[in-house]
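# Survey of secondary and tertiary structure
Listed here are the chains, written in short residue letters.
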Amino acid sequence: MPELPEVEVVRRGLERWVAGRTVAGVEVLHPRAVRRHPAGGADFAARLTGRRFEPARRRGKYLWLPLADTGTSVLGHLGMSGQLLVQPEAAPDEKHLRIRIRFDDAAGTELRFVDQRTFGGLSLHDTAPDSADGLPDVIGHIARDPLDPAFDDAAFQAALRLRRTTIKRALLDQSLISGVGNIYADEALWRARLHYDRPTATLTRPRSAELLGHVRDVMNAALAAGGTSFDSLYVNVNGESGYFDRSLDAYGREDEPCRRCGTPMRRRAWMNRSSYFCPRCQRPPRVSP
Ligand SMILES: [Zn+2]
């Protein structure tokens with residue numbers, strides 16, 4: 001499952017290679033890839049044809065392409081294995097090519113949605129009311145992510161103090177803060193020396209500010225690692241940024257020594273997932289929430 005940094009790499013690629021181009025035609029090769037567009041593939045193709053893409057936008061892990069002068073946007077769902085590729089028109093079709101979007105210019109490239117398992121897809125949505133950046137209405141409830149310049153730190157910190165929840169739950173709550181997945185939550189909590197079950201109401205403002213800083217650092221580091229390849233003519237997302245192999249301090253490191261104190265890292269089942277932490281640096285809260 002791609003996390004925010006991987007999706008941002010794709011967004012930058014789309015911004016570079018697709019923005020400003022006008023759709024000449026759309027081929028839907030598998031109906032499942034447009035199942036979130038209830039009017040079907042033919043309607044999807046007809047409504048895109050002749051329209052111009054504005055620069056790709058992102059909120060959390062959601063990615064969309066506003067269509068100029070329409071009040072609508074194409075929302076991309078990458079699912080587990082979805083990829084958006086900008087390919088030369090002459091390149092052979094990928095085995096799992098699901099949607100092809102051709103352009104009316106002479107650039108010689110087309111946009112392809114490729115998805116082996118077809119959990120992802122593309123769909124067309126109206127813009128949420130009052131949205132300046134074409135936010136699709138179906139994701140209007142998703143909070144801004146911490147890399148968004150308009151993210152409100154003070155409001156986030158105030159919400160943490162008011163909510164009766166625990167810190168990792170809060171970090172994964174898309175209505176509070178978006179784009180923080182399980183991996184980046186564990187990494188930021190390790191850096192902040194906070195246990196995942198710490199009640200948010202016990203976090204002082206400096207502590208929550210510090211945590212937010214670590215969340216941003218982790219994401220920016222992953223972006224820097226994943227962003228090295230976006231320059232090429234190959235916009236790709238499959239959950240691999242290179243960051244996961246090299247730079248993780250907590251996630252996936254069960255029984256390996258903590259990089260700070262040497263204590264073996266632990267893994268605990270947590271909400272159908274896993275939490276990785278250092279039992280010494282990240283002490284459990286004294287009172288269970
Ligand atoms: Zn430690």
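Residues numbered from 1 in each chain as written. Predicted model: local features only at pLDDT ≥ 70, side-chain atom pairs only at ≥ 80, totals over all residues. Heavy atoms only, no water.

Here the focus is the packing of aromatic side chains. By the definition in use, this model includes four aromatic pairs. Their ring planes at 55° and their centres at 5.7 Å tell us that F151 and F156 sit as a pair that is tilted. The burial state of F151 is the same as that of F156; both residues are buried. Look at Y196 and F277: their rings are 5.4 Å apart centre to centre, the planes differ by 70°, and that puts the pair in the edge-to-face class. Taken together, the positions of Y196 in the loop between helix 5 (182-192) and helix 6 (205-226) and F277 in strand 10 (residues 273-277) put the pair 81 residues apart, joining distant regions of the chain. You can call Y196 buried: its relative accessible area is 7%. Of the residues examined, F277 reaches a relative accessible area of 4% and is grouped as buried. Its end group placed over the ring of W270, K168 keeps NZ or CZ at 4.5 Å from the ring centre. When the ring centre of W190 is taken as reference, the NZ or CZ atom of R260 above it lies at 4.0 Å. (Phe/Tyr/Trp six-rings, centres within 6.5 Å; stacked < 30°, edge-to-face > 60°. Buried < 20%, exposed > 50% of the residue type's maximum accessible area, 1.4 Å probe, protein only. Helix = DSSP H or I, 4+ residues; strand = E, 2+ residues; numbered from the N terminus. Lys NZ or Arg CZ within 6 Å of the ring centre and 35° of its normal.)

Here we take up the coordination of the zinc ion. Each pair of donors in an ideal octahedron of six around a metal sits at 90 or 180 degrees, and each pair in an ideal tetrahedron of four sits at 109.5 degrees. Donor atoms from the polypeptide that coordinate the zinc ion comprise C258 (SG), C261 (SG), C278 (SG) and C281 (SG), at 2.2 to 2.3 Å from the metal. Its four donor atoms give the zinc ion angles of 101 to 115° at the centre, a pattern that matches the tetrahedral case. Ordering the donors of the zinc ion by residue number gives the pattern C-x2-C-x16-C-x2-C. Highlighted residues: C261 in the loop between helix 7 (243-246) and strand 9 (266-270) and C281 in the segment after strand 10, separated in sequence by 20 residues. Residue C281 is classed as buried on the basis of its relative accessible area of 13%. (Donors = N, O, S within 2.8 Å, 3.2 Å for Na, K, Ca; no water. Tetrahedral: all angles 85-135°; square planar, octahedral: opposite > 155°, others 65-115°.)

Our next topic: the pattern of salt bridges. It is possible for side chains of opposite charge to pair when their charged atoms get near one another. Inspection of every chain in the model, using the stated rule, returns 22 salt bridges. Salt-bridge contacts for D153 lead to R216; the nearest nitrogen and oxygen are separated by 2.7 Å. Placement of D153 in helix 3 (residues 153-162) and of R216 in helix 6 is noted, with a sequence separation of 63 residues between them. The partner of R267 in a salt bridge is E254, and the shortest N-O contact between them spans 3.1 Å. (Salt bridge = Lys/Arg side-chain N within 4 Å of Asp/Glu carboxyl O.)

Our next topic: the sheet that holds strand 6 (residues 97-103). Reading across from one edge, 1-6-7-5 is the order of the four strands in this open sheet, with antiparallel pairing throughout. Of all the strands in the sheet, the pair left with one neighbour each is strand 1 (23-28) and strand 5 (82-88). Sheet twist, expressed as the average angle between the axes of neighbouring strands with direction ignored, equals 20°. In the packing of helix 2 (residues 41-48) onto the sheet, the strands contacted are strand 1 and strand 6, and the crossing angle to strand 1 comes to about 170°. (Pairing = 2+ DSSP bridges. Axes fitted to C-alpha atoms, helices over the stretch in contact; angles between N-to-C directions. Contact = heavy atoms within 4.5 Å.)

This part covers the confidence of the model for the protein. Mean pLDDT over the protein works out to 88, with 91% of the residues at or above the 70 mark. Per-element confidence in the protein is highest for strand 1, whose mean pLDDT is 98, and lowest for helix 7, whose mean pLDDT is 52. Residue range residues 227-243 is modelled with pLDDT below 50. Its contacts to residues more than four positions away, or to other chains, number 48 contacts. (pLDDT = per-residue confidence, 0-100.)

Across the six residues that make up strand 3 (residues 62-67), a large majority, five, are buried. In this structure, strand 2 (residues 57-59) lies alongside strand 3, joined through three bridges in antiparallel fashion. When the bridges of strand 3 are listed, R58 appears paired with L63. In textbook terms, the turn of a hairpin is the stretch between consecutive antiparallel strands, and for strand 2 and strand 3 this stretch comprises two residues, one of which, G60, has a positive phi near 60°. Here strand 3 runs beside strand 4 (residues 72-77); their pairing, made up of five bridges, is antiparallel. Bridge pairing links L65 to V74 in strand 4. Here strand 3 folds back onto strand 4, and the loop between the two strands holds four residues, one of which, D69, carries a positive phi near 60°.

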